[in-house]
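Spelled out, the chains give:
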Amino acid sequence: MPRGSDIRSRRRIWYALGLLLASALVLFPDRNLAAAEIAGRSARVLILYPYDERLPATSIAGETARTRLLEANSGKIDLFSEFLDLSRFPEDVHVGRMVRYLAEKYSDHRPDVVIALGEPSTRFIVDHREAIAPDAKIVFVGVERDSAAKLNLPADVIGAFSDFDIAKTLELARSLQPAAKHLFVVGGSASFDRSWLASARTDLAAAAKDYNTTYLEGLTIDEFVDRASRLPADSIVLFLTIFADSTGRNFLPKDAVGLVAAKASAPIYGPYDTYIGHGVVGGNAATFESMGTAVAGLALDALAGKPIADVDVPYTFFADARQLKRWGLSESALPPGTALSFKEPSIWEEYWPLITGVLVVVALQAIIITGLLVERRRRRAAESESRLRLLELVHLNQSATAGALSASIAHELNQPLGAILSNAEAAEAILRRPAPDLDLIQQILVDIRNDDERAGNIIRRLRGLLKKRNAIDWQEFDLNEVVDSAITILHAEAAKKRVAVSAEQSKRRLPVRADMVHLQQVVLNVATNAMDAMVDAATGDRKLVLQTALHGETKVEMSISDTGRGIPKERLDSIFDAFYTTKPNGTGLGLSIARAIVETYGGKIWADNRAGGGAVFRIILPLVQPI
């Protein structure tokens, strides 16, 4: 810790560092060091630390300077470091011992440049230059201009000056807490701490008039913590340094501020950026990294023989985003250009590439989905239109079938109607008798009722063929019922063409889901074609067989076979095409419509030739409930 005369100046050594802009500087001719003077060997730079290696200020600044020098010379430079430890050993005996030690150590390796970090190091090397580095250029940082003037430095000793202003830290606090009424200034009991407090009283004299100001000093660390925990909420706390408390217990200031800030009931501000991360909201100071960069720039220019001159180090505002959040202080109230540490990036800032990618993917998916929805809507409209056209075609086909079968249906209808007429005439004759046989009349009435039902069924089947539908009438029914119904309708036509119609049906129920009339139409289309194909066959050989059976565990099969002339091999694949026909007066739509109907209900239909002659059409449909 700094002790001795001129305490106020030494308080600015390391805790008031800023961004240094290295520029062209001035060297005097009597000490000019040209690159030619060190040709044939690496340049030598000695860095003097005023204290021990634990102090963050010197450690950060020194390491930054070393890194900058090594990078600029591609590692071809000899760097030496010495820790003078003048805070713990300020006595003249120690100083004399260090001078003799360093003079002997570097007697054969004289430095070309000496970098003095802080006022104690600067005073030391200036006072003992001839013994340690008589021909070296001396550059320094961490010294205020007023302090440098009191040192009476030689004209060729060049530095970067740090003029500290504690009022700037209060300015930051005022911008964040405009409604604050109390100001507390905290300082320890070490010589450095007391000089800080004295300087703060002078620097804050004008601004302190706006607050109820209290200086907390001469306390133990526990008392500092206790007082901080009981401060009014509308308080501003300026924490200077606590190198030692009233009991003489030593601290690093950043550790002391961490203890106090952890229990504080009001925001704490400090003048050093090393306090960031230890509970301080923010402050105003120079950074130790910029000091190291600046002094390295001076040293490099000196090694290159360039003229160098004194420069001022600007200060900057700094803040801890976590403490702003802790105390509910607005980030927007920070002075422009404030360096904000520990700011948690927003979701966008942290993951913008991923978010952008996701948004692009989502946008593309949305476009694709929209396109698919539009396409699905168009497809459904087309399917609906296609289904409507199919229903119209099926109706026309049914009408054509009814027309083709009209003669047979009329003949079949005449039978029950003729029977009804005969039975009615017989009943009328019986009733004219003196003693009518009522039992016989009752039997005649039963026959009339049965013939009427038979005629009604014929008319209903005909009506089913002629009825026009605008939608599919979905039903669940036994496929065997379709076969029975179709055979009934075909009975008269088959008799007319002398075709023997038979059925070989499954003994178990074969439930399917479809429009029963449509599947009936499929059977009629295929069966009427089959009967037409057998006109050239001998009368006794004209056979039409309808079969139903299970097909695997999830489907049913219906086949319609004939004993006609068969289908030429080259035409098996085209007989289901629209407008394909071998009949002179055919439309070529019957089988095409049959295939469309079967496929509508999830099935398929195809044709083969039988081994014994004739053709067979097979239809596969899904079971409603697989076994």
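Now for a look at the structure at hand. (Residues numbered from 1 in each chain as written. Predicted model: local features only at pLDDT ≥ 70, side-chain atom pairs only at ≥ 80, totals over all residues. Heavy atoms only, no water.)

Quick word on the overall build of the protein chain
Argument step 1. Helix and strand counts for the protein chain stand at 19 helices and 20 strands.
Argument step 2. Looking at the protein chain as shown, the accessible area adds up to about 30,600 Å², and 54% of this sits on carbon and sulfur atoms. (Helix = DSSP H or I, 4+ residues; strand = E, 2+ residues; numbered from the N terminus. Areas by Shrake-Rupley, 256 points an atom, 1.4 Å probe, with all protein chains shown as cover.)

Considerations on the sheet that holds strand 18 (residues 555-562)
Argument step 1. Taken in spatial order, the five strands line up as 15-17-18-20-19 in an open sheet, and their pairing is mixed. Unpaired on one side and paired on the other, strand 15 (500-504) and strand 19 (604-609) mark the two borders of the sheet. The mean angle between the axes of side-by-side strands here comes to 15°, regardless of whether they run parallel or antiparallel.
Argument step 2. Strand direction decides the pairing type here: strand 19 and strand 20 (residues 615-622), joined by six bridges, are antiparallel. Across the sheet, Ile-605 pairs through a bridge with Ile-619, a residue of strand 20. (Pairing = 2+ DSSP bridges. Axes fitted to C-alpha atoms, helices over the stretch in contact; angles between N-to-C directions.)

A few points about the pairing of strand 4 (residues 137-143)
Argument step 1. Across the seven residues that make up strand 4, a large majority, seven, are buried.
Argument step 2. Here strand 3 (residues 113-117) runs beside strand 4; their pairing, made up of five bridges, is parallel. Looking at the pairing, Leu-117 lines up with Val-141 of strand 4.
Argument step 3. Pairing of strand 4 with strand 5 (residues 157-161), which is carried by five bridges, proceeds in the parallel orientation. In the strand pairing of strand 5, Val-143 is matched with Phe-161.
Argument step 4. Remark: the strand 4/helix 6 (residues 145-151)/strand 5 crossover connection has right-handed handedness. (Buried < 20%, exposed > 50% of the residue type's maximum accessible area, 1.4 Å probe, protein only. Right-handed = clockwise from strand over helix to strand, strands pointing away.)

Section: helix 11 (residues 253-263)
Side chains that are three or four residues apart share a direction in an α-helix, a result of its 3.6 residues per turn.
Argument step 1. When helix 11 is considered as a whole, its buried residues turn out to be Pro-253, Ala-256, Val-257, Val-260 and Ala-261. Buried residues of helix 11 fall within an arc of 125° about the axis and therefore sit on the same side. Turned more than 90 degrees away from the buried face of helix 11, the exposed residues are Ala-262 and Lys-263.
Argument step 2. Among the structural elements, helix 10 (221-229), strand 8 (235-239), strand 9 (268-269) and helix 13 (321-327) are those in contact with the buried residues of helix 11. (Arc of directions from axis to C-beta. Contact = heavy atoms within 4.5 Å.)

Thoughts on the packing of helix 18 (residues 516-533) against helix 19 (residues 590-600)
Argument step 1. Between helix 18 and helix 19, the shortest axis-to-axis distance is 9 Å and the interhelical angle comes to 150°. In terms of orientation, helix 18 lies roughly antiparallel with respect to helix 19. With respect to the hand of their crossing, helix 18 and helix 19 are arranged in left-handed fashion. The segment helix 18 lies against helix 19, with His-518, Leu-519, Val-522, Asn-525, Val-526 and Asn-529 engaging Gly-590, Leu-591, Ala-594, Ile-597 and Val-598.
Argument step 2. Within the contact of helix 18 with helix 19, the residues separate by chemical class into seven nonpolar, four polar and no charged. (Parallel < 35°, antiparallel > 145°, perpendicular 65-115°, else oblique. Left-handed = near helix turned anticlockwise from the far one by under 90°. Nonpolar A, V, L, I, M, F, W, Y, C, P; charged D, E, K, R; others polar.)

Considering the sheet that holds strand 3
Argument step 1. Reading across the sheet, the six strands line up as 2-1-3-4-5-11 and stay open at both edges, with parallel pairing between neighbours. Only two strands of the sheet have a single neighbouring strand rather than two, namely strand 2 (77-83) and strand 11 (311-312).
Argument step 2. Strand direction decides the pairing type here: strand 5 and strand 11, joined by two bridges, are parallel. Across the sheet, Phe-161 pairs through a bridge with Asp-312, a residue of strand 11.
Argument step 3. On the sheet, helix 12 (residues 288-303) packs against strand 1 (43-49), strand 2, strand 3, strand 4 and strand 5 and is oriented at approximately 165° with respect to strand 4.

With respect to the pattern of salt bridges
Argument step 1. Tallied over the entire structure, the rule returns 16 salt bridges.
Argument step 2. In this structure, Asp-85 and Arg-88 form a salt bridge, with 2.7 Å as the shortest nitrogen-oxygen distance.
Argument step 3. Arg-88 gets classed as partly exposed once you look at its relative accessible area, which sits at 46%.
Argument step 4. Ionic pairing is found between Arg-618 and Glu-557, a salt bridge with its closest N-O pair at 3.2 Å. On the criterion of sequence distance, the pair formed by Arg-618 in strand 20 and Glu-557 in strand 18 is long-range, its members being 61 residues apart.
Argument step 5. Judged by its relative accessible area of 28%, Arg-618 is partly exposed.
Argument step 6. Salt bridges sharing partners connect three or more residues here, namely Arg-129, Lys-137 and Asp-156. (Salt bridge = Lys/Arg side-chain N within 4 Å of Asp/Glu carboxyl O.)

Thoughts on the packing of helix 17 (residues 479-496) against helix 18
Argument step 1. Across the interface, helix 17 lies against helix 18 with an axial gap of 9 Å and an inter-helix angle of 40°. Accordingly, the angle class assigned to the pair helix 17 and helix 18 is oblique. The way helix 17 lies across helix 18 gives a crossing that is right-handed. Contact residues: helix 17 offers Leu-479, Glu-481, Val-482, Ser-485, Ala-486, Ile-489, Leu-490, Glu-493 and Ala-494, while helix 18 offers Met-516, Leu-519, Gln-520, Val-523, Leu-524, Ala-527, Thr-528 and Met-531.
Argument step 2. When the residues that make up the contact of helix 17 with helix 18 are grouped by side-chain class, the tally is 12 nonpolar, three polar and two charged.

Any functional reading would require information beyond the geometric quantities listed.
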